[in-house]
Amino acid sequence: MPHGQETVANRRDQMEPRTTEAGTTGLVRRPSGLSRWLGRVTVALVVLACIGLSVFAGFEIGKHKWFPHRVFDKVDRKLEQAVTGVLPKTAGTLDLEQLNSHLIILQADVGLVPLNRSGPFHTVSENGGGLASFGRDVLLLPYDGRIYAASSGKNIRATNITAPDTNRAAYEALADDPDFADFGIEKGYLRYNDLLHISDPDGPALAIAYSEYHPAEKCVTNTVALLRLDATVQSIDEVRAGPADWRILYRTKPCLPLKSRHFAIEGHMAGGKLAFRAPSTLYMTSGDFHFDGMRSEPGPGIAQDPTAEYGKILAIDTASGDSRIVSMGHRNPQGLTLASDGRLFSTEHGPRGGDELNLVRDGANYGWPLESYGLTYWDASAIPGSLSFGRHENFDRPLFSWVPSIAVSSVIQIDGFHPAWDGDLLVATLLDGSLFRLRLAQGRVVYSERIRVGSRIRDIHQHDDGRIVLWTDDRTLIFLSGRDRLNASVLFDKFVIRKNLSDRMADQLASAIESCAECHSFEIGDHERSPSLARIFEEDIASTSFQGYSTALLDRGGSWTKEKLAQYLRDPQSFAAGTSMPDPGIHDEAVIQELVSYLEEVSKAF
């Protein structure tokens, strides 16, 4: 209807003819503007009431796990599987064979830890954990408090050792307490943060760090406990221990009260990573639990309070239990390692940007929350009360900082893994799902190499036999071994001899391969810049994890046969109109055929 007609219609008299249900015509009074408005308000109120009732009912169902909860939970898992592409009880890294790095190849041995989890992927309530070595086994302490042992991805088993209770059940019960109705009670924020195998003057022991809720005082601490072991124990399978067998070595002071802003206990900000210096010093990172004046009650951040052991790195004597503050001004230091030369390094979560690698020095103050390279989460502005914006001029600077954030977790120094890597730092990440290898020289980070893994890496550890072990939030243990890269020139020379190629043809083929290598890798799984050619032969077209495929190639379908590879090399556009691959400029049919044969040879080699 034209605009003018619509206006006239809106001004008609409120009485107009209508056909009634009986088929007769009569006058029907249209509702007045006020009546229509009241009707709409009534409908809106009814809808809001229904929504509120549904939300309340859903909350109660979830809290008490009544019957419909099981139905909704199944639906939620199906949706999670559809979105993430992860099959039930299958971790996303289980099919990982190798990782590619600048200098070496990392062979991966992956195993799924038999934990009972609510979903196939990581969940807030089921994160945390730490790794340690004991004899031939790597030990894992995950969220459930039972220690697991693994000698490889195929040999993962539960031990007979259970850690002390975090008192999670008592904390979660506050959700039903009307006195705490205004507090955000989150079950996921009481975690086991690290595990260490130490030997001090009193003998061998397992040390753990965890966030402990204290029901009587209704507060939380970072707690360290020791399990003393007989010196004759050769295998962890010989040890049986329950929560009562551990001795509490240390609890941070003061016991932090529940926060009324955001979540009551933010144990994901606890830190809790351990490092040991003989004969008896146990270092522990202690995060600020978000007592920073932003996600807590307004006030100065606890990391700058010299009387509070949060936002600090502590040194604890394992014999006496005495402690001291080594450094302060930390936010959430989730990694700690003692280098072979005695230097102590920590990795620390910044806010939005500003993740840090710190060289920890006695008496140092790293500035949080008065200074950071990061910004606020909410509006990416300066940290309230900070002394500088985008700079770090008033406190001890980090040795290196990542902007934007990669969500750093643990850190180790590599020793006895591979000559090309030994001495470097290896940093694990959560959000980025990668490893970062840092080369240090003359007191600074010379370069940072990103190695994509594809899962959130909660902890990283170098086993006594040299292998590097990763613990991921999708409950996998990944054992990494380093090897030299395949010598491509040797493979090429063997191919030339077997095919009895002329010198001219060998030179032309080498030039064609070098042109391919300018964009494409010949390493398994290296699809970062372009799809790897390592296993292209007989693989499905456009099926790798490369993110830059053209629509034309994605729609092509089928697999890479000799004929299709040759056709694509002759004229990419005729094979898949709109493909982003440029014309390789190979116009000699004989060279194309030999290149296809070489790609087949490469696929067989891998």
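Fair warning: this is a prediction, and the values are worked out from it, not measured in the lab.

Novice: Residue-level account of the overall build of the protein chain, with values.
Specialist: Within the protein chain one finds 10 helices and 29 strands. Residue burial in the protein chain is summarised as follows: out of 606 residues, 50% are buried. Long-range pairs, those at least 24 residues apart, make up 57% of the contacts in the protein chain between residues at least 6 apart in sequence. Summing over all exposed atoms, the protein chain offers an accessible surface of approximately 29,200 Å²; the carbon and sulfur share of this is 54%.

Novice: Before we move on, can you summarise the sheet that holds strand E3 (residues 98-100) with the specific residues and values?
Specialist: Pairing is antiparallel in the open sheet, where five strands are placed in the order E3-E4-E29-E28-E27. Looking at which strands have only one partner, the edges of the open sheet turn out to be E3 and strand E27 (457-462). The average angle at which neighbouring strand axes cross in this sheet is 25°, direction not considered. Judged from the four bridges that link them, strand E28 (residues 468-472) and strand E29 (residues 476-483) form a sheet pairing that is antiparallel. Each bridged residue has a counterpart across the sheet, and for Ile 468 the counterpart in E29 is Leu 480.

Novice: Now, about the pattern of salt bridges: what can you tell me, with residues and values included?
Specialist: Evaluated as defined, the whole model comprises 30 salt bridges. Of the charged contacts, one joins Arg 498 and Glu 601 as a salt bridge, the two residues approaching to 2.8 Å between their closest N and O atoms. Taken together, the residues Arg 498 in helix H5 (residues 488-499) and Glu 601 in helix H10 (residues 589-605) connect sequence positions 103 residues apart. We classify Glu 601 as buried; its relative accessible area is 19%.

Novice: Break down H10 for me, citing the residues and quoting the values.
Specialist: Along its 17 residues, H10 runs 25 Å from first to last C-alpha, staying within 8% of the 24 Å computed at 1.5 Å per residue. Among the 17 residues that make up H10, 12 are buried, leaving the element largely enclosed by the rest of the structure. Every buried residue of H10 is accounted for by Val 591, Ile 592, Glu 594, Leu 595, Val 596, Ser 597, Tyr 598, Leu 599, Glu 600, Glu 601, Val 602 and Ser 603. Where H10 is buried, its residues meet H5, helix H6 (503-517) and helix H8 (562-570). You can read the cap of H10 off the contacts: a side-chain oxygen lies 2.9 Å from the backbone nitrogen of Ala 590, and it is on Asp 588.

Novice: Tell me about the sheet that holds strand E5 (residues 130-134), and name the residues and values.
Specialist: Either a parallel or an antiparallel arrangement is found when strands of a sheet pair, and the pairing is made through backbone hydrogen bonds. Spatially, five strands are ordered E5-E6-E7-E8-E12 in an open sheet, and the strand pairing comes out mixed. The open sheet has two free edges, formed respectively by E5 and strand E12 (240-241), since each of these has just one partner strand. Examined bridge by bridge, strand E7 (residues 146-152) and strand E8 (residues 155-162) share five bridges and lie antiparallel to one another. Pairing of Ala 150 across the sheet is with Ile 156, part of E8.

Novice: For the nonpolar core, give the residues involved together with the corresponding values.
Specialist: Within the largest apolar cluster, 36 residues are counted, with the highest numbers of intra-cluster contacts made by Leu 553, Trp 560, Leu 595 and Tyr 598. Among the elements of the structure, H5, H6, helix H7 (551-554), H8 and H10 are those that each provide at least two residues to this core. With seven residues, H10 is the single largest residue contributor to this core. Apart from the residues within four sequence positions on either side, Tyr 598 is in contact with Ala 488, Leu 491, Phe 492, Phe 495, Ile 513 and Phe 522.

Novice: Explain the state of the cysteines residue by residue, including any values.
Specialist: Under the defined criterion, the tally for this structure stands at one disulfide. Shown here is the disulfide that connects Cys 219 with Cys 255, its sulfur atoms set 1.9 Å apart. Handedness of the Cys 219-Cys 255 disulfide follows from its S-S torsion of about 95°: it is right-handed. Of this pair, Cys 219 sits in strand E11 (residues 219-228) while Cys 255 sits in the loop between strand E13 (247-251) and strand E14 (256-257), and the two are 36 residues apart along the sequence. Judged by relative accessible area, which is 28%, Cys 255 ranks as partly exposed. This cysteine, Cys 516, is not joined by any disulfide, and Cys 519 carries the nearest cysteine sulfur, 8.9 Å off. Of the residues examined, Cys 519 reaches a relative accessible area of 44% and is grouped as partly exposed.

Novice: Lay out empty space enclosed by the protein with the relevant residues and their values.
Specialist: A full pass over the atoms with the stated rule returns three cavities of 30 Å³ or more. By volume, the largest cavity amounts to about 120 Å³. Considering the residues around the largest cavity, the lining is formed by 13 residues, among which Asn 193, Gly 271, Lys 273, Gln 334 and Arg 458 are closest to the centre. Put simply, the parts of the chain that give the lining of the largest cavity at least two residues each are strand E9 (192-200), strand E15 (271-277) and strand E19 (332-338). Around the second largest cavity, the lining residues are Gly 329, Arg 331, Glu 348, His 349, Gly 350, Pro 351, Gly 354, Glu 356, Tyr 366, Trp 368, Glu 371 and Ser 372. When grouped by side-chain class, the residues that make up the lining of the second largest cavity number three nonpolar, five polar and four charged.

What counts and how
- Residues numbered from 1 in each chain as written.
- Predicted model: local features only at pLDDT ≥ 70, side-chain atom pairs only at ≥ 80, totals over all residues.
- Heavy atoms only, no water.
- Helix = DSSP H or I, 4+ residues; strand = E, 2+ residues; numbered from the N terminus.
- Buried < 20%, exposed > 50% of the residue type's maximum accessible area, 1.4 Å probe, protein only.
- Contact = heavy atoms within 4.5 Å.
- Areas by Shrake-Rupley, 256 points an atom, 1.4 Å probe, with all protein chains shown as cover.
- Pairing = 2+ DSSP bridges.
- Axes fitted to C-alpha atoms, helices over the stretch in contact; angles between N-to-C directions.
- Salt bridge = Lys/Arg side-chain N within 4 Å of Asp/Glu carboxyl O.
- Expected span 1.5 Å × (residues − 1).
- Polar contact = N/O pair within 3.5 Å; in protein donor to acceptor, adjacent residues only side chain to side chain.
- Core = buried A, V, L, I, M, F, W, Y, C linked by side-chain atoms within 4.5 Å.
- Disulfide = S-S within 2.5 Å.
- 1 Å grid on protein atoms, 1.4 Å probe; cavity = no way out; pocket = protein on both sides within 12 Å on 5 of 7 lines; lining within 4 Å.
- Points joined across faces, edges and corners; volume = space filled by probe spheres on them.
- Nonpolar A, V, L, I, M, F, W, Y, C, P; charged D, E, K, R; others polar.

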